[in-house]
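Structure at a glance
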Amino acid sequence: QVQLVESGGGLVQPGGSLRLSCAASGSIFRIDDMGWYRQAPGKQRTLVASITSDGHSNYADSVKGRFTISRDYAKNTMYLQMNSLKLEDTAVYYCNAEVIRRVGSRAVSHWGQGTQVTVSS
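Residues numbered from 1 in each chain as written. Predicted model: local features only at pLDDT ≥ 70, side-chain atom pairs only at ≥ 80, totals over all residues. Heavy atoms only, no water.

**Focus: the sheet that holds strand β8 (residues 77-82)**
Pairing is antiparallel in the open sheet, where four strands are placed in the order β1-β3-β8-β7. Edge strands, defined here as strands with exactly one partner in the open sheet, are β1 (2-7) and β7 (67-72). Here the strands of the sheet are splayed against their neighbours by 15° on average, with no regard to which way each runs. As paired strands, β1 and strand β3 (residues 18-26) are joined by six bridges and run antiparallel to one another. Considered in β3, the bridge of glutamate 6 is made with cysteine 22. (Pairing = 2+ DSSP bridges. Helix = DSSP H or I, 4+ residues; strand = E, 2+ residues; numbered from the N terminus. Axes fitted to C-alpha atoms, helices over the stretch in contact; angles between N-to-C directions.)

As C-alpha cells, this is what we get:
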C-alpha cells in the first residue's frame, strides 16, 4: 500500500501565500515524477506543476513566477510554495506520484485525497 497525504491548504486573502506538502508513505522503492493538480468546482482537474526524479520542474502558465515546486527525496515529500495568490487559484489541490514499489516493477500512479485552497477577501 502507498499513501499520499496532503496538508497546508486553507483560506488566504488575495496576494497571500500558502505552502502545501505531500508526504508519501508505505511500500515504496522509488518515486519517479511527482506533481500537483487542482480542480475548481465544475472544472476539470489540471496540472499545476510537476517535478521529475532528477529535479526538473514544469509549471502551468497561470502559476509561473508565483508557485515553486520542490521535493525532499529523503522524506518522500513534495512541496508547493504558492505566493501572490489570486482568486482564480481557489480549488482542491491534489498531489500525484509515480511510485515504484519494488525493484523491476513499473511505476504506478497514486493520488492524495486533496486539500482545499480558498483565496478570498
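**Things to note about the pairing of β8**
The buried fraction of β8 is high, at five of six residues. Two elements, β3 and β8, share six bridges in a ladder whose sense is antiparallel. Each bridged residue has a counterpart across the sheet, and for serine 21 the counterpart in β8 is tyrosine 79. With six bridges connecting them, β7 and β8 associate as antiparallel partners. Within β8, the residue paired with serine 70 across the bridge is tyrosine 79. In this structure, the hairpin formed by β7 and β8 is closed by a connection of four residues, where asparagine 76 is found at a positive phi of approximately 50°. (Buried < 20%, exposed > 50% of the residue type's maximum accessible area, 1.4 Å probe, protein only.)

**Thoughts on unusual backbone geometry**
Phi is positive for asparagine 76, close to 50°, though the residue is something other than glycine. Here asparagine 76 shows up in the loop between β7 and β8.

**Quick word on the side chain of arginine 38**
Within the secondary structure, arginine 38 is located in strand β4 (residues 30-39). Residue arginine 38 is classed as buried on the basis of its relative accessible area, which comes to 12%. A distance of 3.4 Å separates a polar atom in the side chain of arginine 38 from a polar atom in the side chain of serine 62. If we skip the residues at most four places from it in the chain, arginine 38 touches Gln44, Arg45, Thr46, Val48, Ser62, Val63, Phe67, Glu88, Asp89, Ala91, Val92 and Tyr93. (Polar contact = N/O pair within 3.5 Å; in protein donor to acceptor, adjacent residues only side chain to side chain. Contact = heavy atoms within 4.5 Å.)

**Description of the nonpolar core**
Within the largest apolar cluster, 28 residues are counted, with the highest numbers of intra-cluster contacts made by Trp36, Leu80, Met82 and Tyr93. For this core, the secondary structure elements donating two or more residues are β1, β3, β4, β5 (46-51), β7, β8, β9 (91-100) and β11 (115-119). Counting residues per element, this core draws most heavily on β9, at five residues. (Core = buried A, V, L, I, M, F, W, Y, C linked by side-chain atoms within 4.5 Å.)

**Some thoughts on the pairing of β9**
For β9, the tally of buried residues reaches eight of 10 residues, placing the bulk of the element in the interior. Taken together, the eight bridges between β4 and β9 define a ladder with antiparallel strand orientation. In the strand pairing of β9, methionine 34 is matched with alanine 97. Here three bridges tie β9 to β11, and the two strands are oriented antiparallel to one another. Bridge assignment links alanine 91 to a residue of β11, and that residue is valine 117. Across four bridges, the pairing between β9 and strand β10 (residues 108-111) is antiparallel. The residue bridging alanine 97 from the neighbouring strand is histidine 110, located in β10.

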